[in-house]
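Fold and contact review
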Amino acid sequence: MMSTQNPSIISHVSIGTNDYEKARAFYNVVLATLDINIIMEHPGAIAYGRMYPEFWVCTPHDGQPATLSNGFHMGFIALTKDQVHAFYDAAIAAGAICDGPPGPRPLYSDAYYGCFVRDLDGHKIEAAFWDEELAAKLQGH
């Protein structure tokens, strides 16, 4: 079995943009609310994470316009409910469209608290806080 210090199960996710500079400015502000920062940048591509380049925003390599994938969305981990609100407020102020304001989502779990927005290119992004203490109680641990 492989041992690693990286708790993520995903190497990275990339989304396309049709206006790199606007997308870069948007994600710099919005992801900073979750303590997520720039890890690396190349012409037309920027990677964000806490320790690793897990989330990329880039212009498509084939030179064609970026398009949306129906059903896809990217969820970012918030460490507190306050971070969920800060993410939402920063995203809306930066031009995002609300797709679900901050709050509990009992359908997912009583331990879940999050929000959804559409970024400047229309991608659905989420900030989610998972109350591990409450989840343990709900599972009887």
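For the structure itself, consult the block above.
Just so you know, these numbers come straight off a predicted model, no measurement behind them.

Glancing now at unusual backbone geometry. The phi dihedral of Asp35 falls on the positive side, at around 60 degrees, and the residue is not glycine. By the secondary structure assignment, Asp35 is in the loop between helix 1 (20-32) and strand 2 (37-42). Given the relative accessible area of 45%, Asp35 is considered partly exposed.

Let's shift gears to the pairing of strand 7 (residues 109-118). The buried count for strand 7 comes to eight of 10 residues, which makes it a mostly enclosed element. Across six bridges, strand 6 (residues 97-105) lies against strand 7 in antiparallel orientation. The residue of strand 7 that forms the bridge with Gly100 is Phe116. Between strand 6 and strand 7, which follow one another and run antiparallel, lie three residues. Across seven bridges, strand 7 lies against strand 8 (residues 124-130) in antiparallel orientation. Bridge pairing in strand 8 places Cys115 opposite Ala127. The hairpin formed by strand 7 and strand 8 contains five residues between the paired strands, and Gly122 there has a positive phi angle of roughly 95 degrees.

This structure, assessed with the given rule, holds seven aromatic pairs. Where Tyr27 meets Tyr48, the ring centres are 6.3 Å apart and the plane angle is 45 degrees; that geometry is what we call tilted. You can see Tyr27 sitting in helix 1 and its partner Tyr48 sitting in strand 3 (residues 45-49), a full 21 residues away along the chain. Tyr48 matches Tyr27 in its accessibility class, with the two residues each being buried. Every member of this aromatic cluster is reached through a ring pair, and the members are Phe26, Tyr27, Tyr48, Phe55, Phe76 and Phe87. Across the ring face of Phe116, the terminal group of Lys124 is positioned such that the distance to the ring centre comes to 4.9 Å.

Thresholds applied
- Residues numbered from 1 in each chain as written.
- Predicted model: local features only at pLDDT ≥ 70, side-chain atom pairs only at ≥ 80, totals over all residues.
- Heavy atoms only, no water.
- Helix = DSSP H or I, 4+ residues; strand = E, 2+ residues; numbered from the N terminus.
- Buried < 20%, exposed > 50% of the residue type's maximum accessible area, 1.4 Å probe, protein only.
- Pairing = 2+ DSSP bridges.
- Phe/Tyr/Trp six-rings, centres within 6.5 Å; stacked < 30°, edge-to-face > 60°.
- Lys NZ or Arg CZ within 6 Å of the ring centre and 35° of its normal.

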